[in-house]
Amino acid sequence: MANIGFIGAGNMGTAIMKGISTSSLGKDIDLFAFDPSTEKVEALSRYNVTACASEQEIMDKCKYVFLAVKPQIIEGVLETIAAHTTKDTVIISIAAGIGDEFIAKKTIPEAKVILVMPNTPLLLGEGASALSRNEKVSDDEFEVVLNIFKICGKAAVIPKDKMKEIIAINGSSPAFIYLFAKGFIDYAASVGIDKSAAEELFTQSLIGSAKMITDSGNTIDELIKMVSSPGGTTLAGLDRLYEGNLTDVVKNCCESCTKRAYELSK
């Protein structure tokens with residue numbers, strides 16, 4: 001039986017705890033949580049989560065500790081838990097831009113650190129999470145954490161030095177996709193199409209298009225060509241997207257996201 005603790009019981013931490021509790025992993029794991037908001041922790045009792053009175057209590061009770069806090073406050077949290085961190089503790093951080101070296105510097109040099117970049121669809125069990133680890137984490141320890149994110153959606157292991165770059169791809173990208181979707185749905189409203197009908201059709205188009213990328217066996221360029229009849233409506237729309245350099249705009253968006261991640265890590 002593994003003890004897993006959470007420092008922070010916001011949306012993401014709660015989603016991970018819910019995923020563990022309601023899955024087959026739940027029977028082998030005891031969950032503990034601390035958050036300055038006692039109401040948040042008390043609400044987790046339905047997922048068999050035991051409330052703790054402090055960050056230090058989490059550290060003393062749990063081998064695996066999730067730091068489910070914002071990057072802006074993680075330094076203070078690390079300083080609080082430093083004296084209670086041991087060579088056996090596995091620290092799992094979901095704070096964007098924060099590296100394992102920083103965590104080890106603020107706790108102990110031998111700290112076992114797993115970095116995770118999840119995203120908000122994890123709240124629905126449809127997350128896309130990127131994970132990496134430092135060399136102190138054993139294969140068995142990493143497997144425990146990897147399996148947790150696999151039950152909450154999809155999980156991929158990437159090199160540690162790409163954890164800031166991946167944020168734009170899966171961590172922040174839902175917001176970019178929502179803005180893209182808003183443009184289509186707002187257009188529908190402007191031409192008198194019912195909003196609920198437009199949302200249903202466009203969101204299903206997103207889902208179906210994603211499945212075509214993952215399951216059709218075609219490349220993205222081939223999929224674009226499949227929809228684009230010569231002289232047709234799709235090409236007329238694509239021409240305007242090419243004129244606006246959509247792929248360059250996306251690249252600039254991702255580069256700005258990555259730049260901010262490096263700024264947060266300093």
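As the structure is a computational prediction, the values presented were derived from the model and not from experiment. (Residues numbered from 1 in each chain as written. Predicted model: local features only at pLDDT ≥ 70, side-chain atom pairs only at ≥ 80, totals over all residues. Heavy atoms only, no water.)

A few words on the confidence of the model for the chain. Per-residue confidence for the chain gives a mean pLDDT of 95, with 100% of residues at or over 70. The least confident element of the chain is helix α2 (residues 38-42), whose mean pLDDT is 89; the most confident is strand β5 (residues 90-93), at 98. (pLDDT = per-residue confidence, 0-100. Helix = DSSP H or I, 4+ residues; strand = E, 2+ residues; numbered from the N terminus.)

Let us now look at the pairing of strand β1 (residues 2-7). Sheet topology note: the β1/strand β2 (residues 29-34) ladder contains six bridges and is parallel. Note that in β2 the partner of Ala2 across the bridge is Ile29. Following the chain from β1 across helix α1 (residues 11-21) to the adjacent parallel β2, one finds a crossover that is right-handed. Pairing of β1 with strand β4 (residues 64-67) involves four bridges; the strand directions are parallel. Each bridged residue has a counterpart across the sheet, and for Ile7 the counterpart in β4 is Leu67. (Pairing = 2+ DSSP bridges. Right-handed = clockwise from strand over helix to strand, strands pointing away.)

As for its position among the elements, Asp35 is in the loop between β2 and α2. Although Asp35 is buried, it makes no salt bridge; Lys40 carries the closest opposite charge, 4.7 Å away. Within the local environment of Asp35, its side chain forms a polar contact with the backbone nitrogen of Ala9, the two atoms lying 2.8 Å apart. Within the structure, Asp35 has its side chain in polar contact with the backbone nitrogen of Ser37 (distance 2.8 Å). With residues near it in sequence (within four places) discarded, Asp35 still touches Gly8, Ala9, Gly10, Lys40 and Val41. (Buried < 20%, exposed > 50% of the residue type's maximum accessible area, 1.4 Å probe, protein only. Lys, Arg positive; Asp, Glu negative; His and termini not counted. Salt bridge = Lys/Arg side-chain N within 4 Å of Asp/Glu carboxyl O. Polar contact = N/O pair within 3.5 Å; in protein donor to acceptor, adjacent residues only side chain to side chain. Contact = heavy atoms within 4.5 Å.)

Ranked by size, the top nonpolar core spans 34 residues in total, and within it Ile7, Ile58, Val65, Leu67, Ile74, Leu78 and Ile103 carry the most contacts. Looking at this core, the elements with two or more residues in it are β2, α3 (55-61), β4, α4 (74-81), α5 (100-106), β6 (112-117), α7 (167-171) and α12 (246-264). Per-element accounting of this core gives the leading share, four residues, to α4. If sequence neighbours within four positions are ignored, Val65 has contacts with Gly5, Ile7, Ile58, Met59, Thr89, Val90, Ile91 and Ile92. Counting residues in hydrophobic clusters, the runner-up holds 32 residues, among them Ile4, Met17, Leu44 and Cys152. (Core = buried A, V, L, I, M, F, W, Y, C linked by side-chain atoms within 4.5 Å.)

A full pass over the atoms with the stated rule returns 14 salt bridges. Ionic pairing is found between Lys112 and Glu141, a salt bridge with its closest N-O pair at 2.8 Å. Residue Lys112 is found in strand β6, and its partner Glu141 is found in helix α6 (residues 139-150); the two are separated by 29 residues along the sequence. Here Arg260 makes a salt bridge to Glu263, at a shortest N to O gap of 3.2 Å. Linking Arg260 with Glu263, this pair stays in helix α12, spanning three residues, or about one helical turn. Judged by its relative accessible area of 37%, Glu263 is partly exposed. Put simply, Lys63, Lys112 and Glu141 are held in one network by salt bridges that share partners.

Attention now moves to the environment of Ser93. Within the secondary structure, Ser93 sits in strand β5. Linking Ser93 and Val65, residues 28 residues apart in sequence, is a C-alpha distance of 8.4 Å. The contact partners of Ser93, leaving out residues within four places of it in the chain, are Leu67, Ile74, Ile103, Ile114, Leu115 and Val116.

Right, let's get into helix α8 (residues 173-190). Owing to its 3.6 residues per turn, the α-helix aligns residues three or four sequence positions apart on the same side. An ideal rise of 1.5 Å per residue puts 26 Å on 18 residues; α8 measures up with 26 Å between its terminal C-alpha atoms. Those residues of α8 that are buried are in contact with α7 and α9 (195-215). (Expected span 1.5 Å × (residues − 1).)

Once that is clear, we can look at unusual backbone geometry. Of all residues except glycine, most have a negative phi; of all peptide bonds, most are trans. Here Asn48, not a glycine, exhibits a phi torsion of approximately 60 degrees, which is positive. Relative to the assigned elements, Asn48 resides in the loop between α2 and β3 (49-51). By relative accessible area, Asn48 is classed as exposed at 61%. Despite not being glycine, Asn245 has its phi angle at roughly 55 degrees, a positive value. Position of Asn245 relative to the elements: it lies in the loop between α11 (233-243) and α12.

According to the stated counting rule, one finds zero disulfides in the structure shown. Free of any disulfide, Cys253 has its nearest neighbouring cysteine sulfur in Cys254, separated by 5.0 Å. (Disulfide = S-S within 2.5 Å.)

Summed over all chains, the structure comprises five aromatic pairs. Measuring from centroid to centroid gives 6.4 Å for Phe180 and Phe202, while their planes differ by 55 degrees, and the two rings are tilted. Here Phe180 is found in helix α8, whereas its partner Phe202 is found in helix α9, with 22 residues between them in sequence. Here the aromatic residues Phe6, Phe66 and Phe149 are joined through ring pairs into a cluster of three or more. The positively charged end of Lys63 is found above the aromatic ring belonging to Tyr64, 5.6 Å away from the centroid. Here Lys164 stacks its cationic end above the ring of Tyr262, 5.2 Å away from the centre of that ring. (Phe/Tyr/Trp six-rings, centres within 6.5 Å; stacked < 30°, edge-to-face > 60°. Lys NZ or Arg CZ within 6 Å of the ring centre and 35° of its normal.)

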